[in-house]
Amino acid sequence: GSQPSIMANLLLGALESSGFAPSLDRCAACGKQAPPGRAGRFDPLRGVICTDCAGETGLILKGAVRDALIRARDQAPLEASAERAIASGLRIMCGFAQEQIGKELRSWGLLSHVLRRLEADASP
């Protein structure tokens, strides 16, 4: 897999093993299945929230980004075209991890810079 995909898998695995994994394929509030490929609201403390539970609050998580994160989490192969989505998703997951631990990751500045470069390099 690509570097961002591997990084996302490691971060999501660490969050999972510590009991802090975000909900990506179900609403974190009501448990309703999130349709694949569809954008959704993302609560930085819980994960994906359906519009019935979130209303208009929360960050919009694009469907392609959510799907790329799920594929990285599950160690499923990603197409080269998903590189930008996984880099975007990884930045969101790093923010999620920081919210969970209650402080900024020391390596956040460097990681954010690297991920922005990967997003830009993957742009059409």
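Placed above this text is the structure.
Described in the following lines is the structure provided in the data block. (Residues numbered from 1 in each chain as written. Predicted model: local features only at pLDDT ≥ 70, side-chain atom pairs only at ≥ 80, totals over all residues. Heavy atoms only, no water.)

Another aspect to go through is the pattern of salt bridges. Applying the stated rule across the entire model yields four salt bridges. A salt bridge links Asp-74 to Arg-73, with the shortest nitrogen-to-oxygen separation between them at 2.9 Å. You can call Asp-74 partly exposed: its relative accessible area is 46%. Members of the salt-bridge network, linked through shared partners, are Asp-25, Arg-73 and Asp-74. (Salt bridge = Lys/Arg side-chain N within 4 Å of Asp/Glu carboxyl O. Buried < 20%, exposed > 50% of the residue type's maximum accessible area, 1.4 Å probe, protein only.)

Turning our eyes to something else, we now look at unusual backbone geometry. For Gln-75, which is not a glycine, the phi torsion comes out positive at approximately 55°. Here Gln-75 is to be found in the loop between α3 (63-73) and α4 (83-101). (Helix = DSSP H or I, 4+ residues; strand = E, 2+ residues; numbered from the N terminus.)

Before going further, it helps to spend a moment on the nonpolar core. Leu-11, Leu-24, Phe-42, Leu-69 and Met-93 are the most contacted members of the largest nonpolar core, which totals 25 residues. The set of elements that each furnish at least two residues to this core consists of α1 (3-17), α3, α4 and α5 (108-121). No other element matches the nine residues that α4 contributes to this core. Apart from the residues lying within four places of it in its own chain, the contact partners of Leu-24 are Leu-12, Phe-42, Val-48, Arg-66, Leu-69, Ile-70, Arg-73 and Met-93. (Core = buried A, V, L, I, M, F, W, Y, C linked by side-chain atoms within 4.5 Å. Contact = heavy atoms within 4.5 Å.)

What follows concerns α1. For α1, which comprises 15 residues, the first-to-last C-alpha distance of 21 Å matches the rise-based estimate of 21 Å (1.5 Å per residue) to within 8%. For α1, the set of buried residues is Pro-4, Ser-5, Ala-8, Asn-9, Leu-11, Leu-12 and Leu-15. In the segment just after α1, Gly-19 is the residue with positive phi, at about 85°. (Expected span 1.5 Å × (residues − 1).)

Taken N-terminus to C-terminus, the directions of α1 and α3 make an angle of 75°; their axes are 8 Å apart at the nearest point. When the axis of α1 is compared with that of α3, the two are roughly perpendicular. Of the residues in α3, those in contact with Ser-5, Ala-8, Asn-9 and Leu-12 of α1 are Leu-69, Ala-72 and Arg-73. When the residues that make up the contact of α1 with α3 are grouped by side-chain class, the tally is four nonpolar, two polar and one charged. (Axes fitted to C-alpha atoms, helices over the stretch in contact; angles between N-to-C directions. Parallel < 35°, antiparallel > 145°, perpendicular 65-115°, else oblique. Nonpolar A, V, L, I, M, F, W, Y, C, P; charged D, E, K, R; others polar.)

What follows concerns the environment of Leu-69. The residue Leu-69 is located in helix α3 in this model. By relative accessible area, which is 0% here, Leu-69 ends up buried. Between the alpha carbons of Leu-69 and Leu-12 there is a distance of 8.6 Å; along the sequence they are 57 residues apart. Discounting chain neighbours no more than four positions away, the residues touching Leu-69 are Ala-8, Leu-12, Leu-24, Ile-86, Gly-89, Leu-90 and Met-93.

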